[in-house]
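The lines below spell out each chain.
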Amino acid sequence: MSFGQNYENQKNNPYAALAQNYTVPAAQASVSDRLSFIRMTYLHLAGAVCAFVAIETVLFTLFKDQVISLMPSLGGMMWLVVLGAFMGATFLANRWAHSETSRGMQYLGLALYVVAWAVIFTPIITIAITRYPGDTPFTGAVGSAGLITAIVFAGLTLTVFVTQVDFSFLRMALVLASLAAFGAIIAGTVLGLDIFGVLFSTLMIVLAAGYILYDTSNVLHHYRTDQYVGASLALFSGVAMLFWYVLRLVMILQRD
């Protein structure tokens, strides 16, 4: 549709311009709609993080002893099964969260994703709290990792918002790096290799930071203004991944 045709349609239909604001990328929407979209995206992200903390607290409180007793008996193949289930939940959650059919389906996808991350985080959170509690909330492994994650996320977000750079060019590099990391995780688990050291955790932190830059720039440049649920899921994914590997790195350093 040409610009002239689009203008005529909007002139003849007073609701066309209003509808178009919700079907174009946020970068092309009006200032008020763009700001509303960004605000809704980060409110949903904050809600997802709070829900994750609440679910994790409940899981740790109710199942701490069971997790501790089961961990020595969990072999590498069992972890691959868990990882496979998590990937399946991730695929389904992303599909639902970006659904065009209903807002309820989008929220269901976001909820499923938060629950999946909370479940897979339970073992490492249990180890971190029981073995590396610290004297204060921010000297323990979990508190330290949470603070570092928040600072890094804020810095990356500020970088994108200030520079206005479109980091979509990172997509292929992030995909290839993710495939390489996934292959290394599978190989290390099957072969019984200890690859999850300082170097691997650091590289994964860099990868998570790349995803945060990529997804944040998508919020500014590519998501439509009605896609704040899917956008918040994408950002939550990067935050959760960043927190996971920062926590691993903190635990390694405190252990040494």
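The structure we're discussing is the one just above.
First things first, this report covers the structure right here in the doc. (Residues numbered from 1 in each chain as written. Predicted model: local features only at pLDDT ≥ 70, side-chain atom pairs only at ≥ 80, totals over all residues. Heavy atoms only, no water.)

**Overview of the overall build of the protein chain**
Looking only at helices and strands, the protein chain has 9 helices and 0 strands in total. A burial count over the protein chain gives 41% of its 256 residues as buried. If you take every contact in the protein chain between residues at least 6 apart in sequence, the share linking residues at least 24 apart comes to 80%. Element-wise, carbon and sulfur atoms account for 70% of the exposed surface of the protein chain, whose accessible area totals about 13,800 Å². (Helix = DSSP H or I, 4+ residues; strand = E, 2+ residues; numbered from the N terminus. Buried < 20%, exposed > 50% of the residue type's maximum accessible area, 1.4 Å probe, protein only. Contact = heavy atoms within 4.5 Å. Areas by Shrake-Rupley, 256 points an atom, 1.4 Å probe, with all protein chains shown as cover.)

**Details of the pattern of salt bridges**
In a structure, side chains of opposite charge can pair up when their charged atoms sit close to one another. Counted by the stated rule, this structure contains 2 salt bridges. In this structure, Glu100 engages Arg224 in a salt bridge whose closest nitrogen and oxygen atoms are separated by 3.0 Å. Here the residue Glu100 occupies a position in the loop between α4 (76-97) and α5 (103-131), and Arg224 occupies one in the loop between α8 (198-221) and α9 (228-255), the gap between them amounting to 124 residues. On the accessibility criterion, Glu100 (56% relative accessible area) is exposed. Put simply, Arg224 and Asp226 hold a salt bridge, and the shortest N to O gap is 3.0 Å. (Salt bridge = Lys/Arg side-chain N within 4 Å of Asp/Glu carboxyl O.)

**Description of the nonpolar core**
In terms of nonpolar packing, the biggest core is built from 65 residues, with Trp117, Phe121, Phe236 and Leu247 touching the most fellow members. Where this core is concerned, the elements lending two or more residues are α3 (31-70), α4, α5, α6 (141-163), α7 (171-191), α8 and α9. Broken down by element, the residue count for this core peaks at 19 residues, all from α9. Excluding residues that lie within four positions of it along the chain, Trp117 makes contacts with Phe52, Glu56, Phe86, Phe236, Ser237, Ala240, Met241 and Trp244. (Core = buried A, V, L, I, M, F, W, Y, C linked by side-chain atoms within 4.5 Å.)

**Quick word on the environment of Ile129**
Note on placement: Ile129 falls in helix α5. As a C-alpha pair, Ile129 and Val142 span 13 residues in sequence and 6.8 Å in three-dimensional space. Once residues within four sequence positions are removed from consideration, Ile129 is found in contact with Phe60 and Val142.

**So, the side chain of Thr149**
Inspection of the secondary structure puts Thr149 in helix α6. Apart from the residues lying within four places of it in its own chain, the contact partners of Thr149 are Val239, Leu242, Phe243 and Val246.

**Quick notes on the packing of α3 against α6**
Angle between the axes and distance between the axes are the two parameters that describe a pair of packed helices. Direction vectors running N to C along α3 and α6 enclose 170 degrees, while the axes themselves pass 15 Å from each other. Between α3 and α6, the crossing angle belongs to the class labelled roughly antiparallel. Contact residues: α3 offers Ile38, Tyr42 and Leu45, while α6 offers Phe153, Thr157 and Phe161. Across the contact of α3 with α6, the residue classes break down as 5 nonpolar, 1 polar and no charged. (Axes fitted to C-alpha atoms, helices over the stretch in contact; angles between N-to-C directions. Parallel < 35°, antiparallel > 145°, perpendicular 65-115°, else oblique. Nonpolar A, V, L, I, M, F, W, Y, C, P; charged D, E, K, R; others polar.)

**Thoughts on the packing of aromatic side chains**
Summed over the entire model, instances satisfying the criterion amount to 11 aromatic pairs. Both rings, one in Phe121 and one in Trp244, keep their centres 4.9 Å apart while their planes meet at 75 degrees; by these two values the pair is edge-to-face. A residue pair is termed long-range when its members are at least 10 positions apart, and Phe121 in helix α5 and Trp244 in helix α9 qualify at 123 residues. Neither residue differs from the other here; Phe121 and Trp244 are each classed as buried. Cluster of aromatic residues (ring-pair linked, three or more members): Phe52, Phe86, Tyr113, Trp117, Phe121, Phe236, Phe243 and Trp244. (Phe/Tyr/Trp six-rings, centres within 6.5 Å; stacked < 30°, edge-to-face > 60°.)

**Here we look at unusual backbone geometry**
The backbone phi angle of Gln164 is positive, close to 60 degrees, even though this residue is not glycine. Using a relative accessible area of 44% as the deciding quantity, one classes Gln164 as partly exposed.

**What to know about α5**
Three- or four-residue spacings in an α-helix give side chains the same orientation, since the helix completes a turn every 3.6 residues. For α5, built from 29 residues, the straight-helix expectation of 42 Å at 1.5 Å per residue is met to within 8% by its first-to-last C-alpha distance of 42 Å. Along its length, α5 shows its largest kink, about 45 degrees, at Thr122, and proline Pro123 lies within four residues downstream of that point. (Expected span 1.5 Å × (residues − 1). Bend = angle between axes of the 7 residues up to and from the residue.)

**Re the environment of Ile212**
Relative to the helices and strands, Ile212 resides in helix α8. Sequence separation between Ile212 and Ser237 is 25 residues; the distance between their C-alpha atoms is 8.5 Å. When sequence neighbours within four positions are dropped, the list of residues in contact with Ile212 reads Phe153, Leu156, Gly238, Val239 and Leu242.

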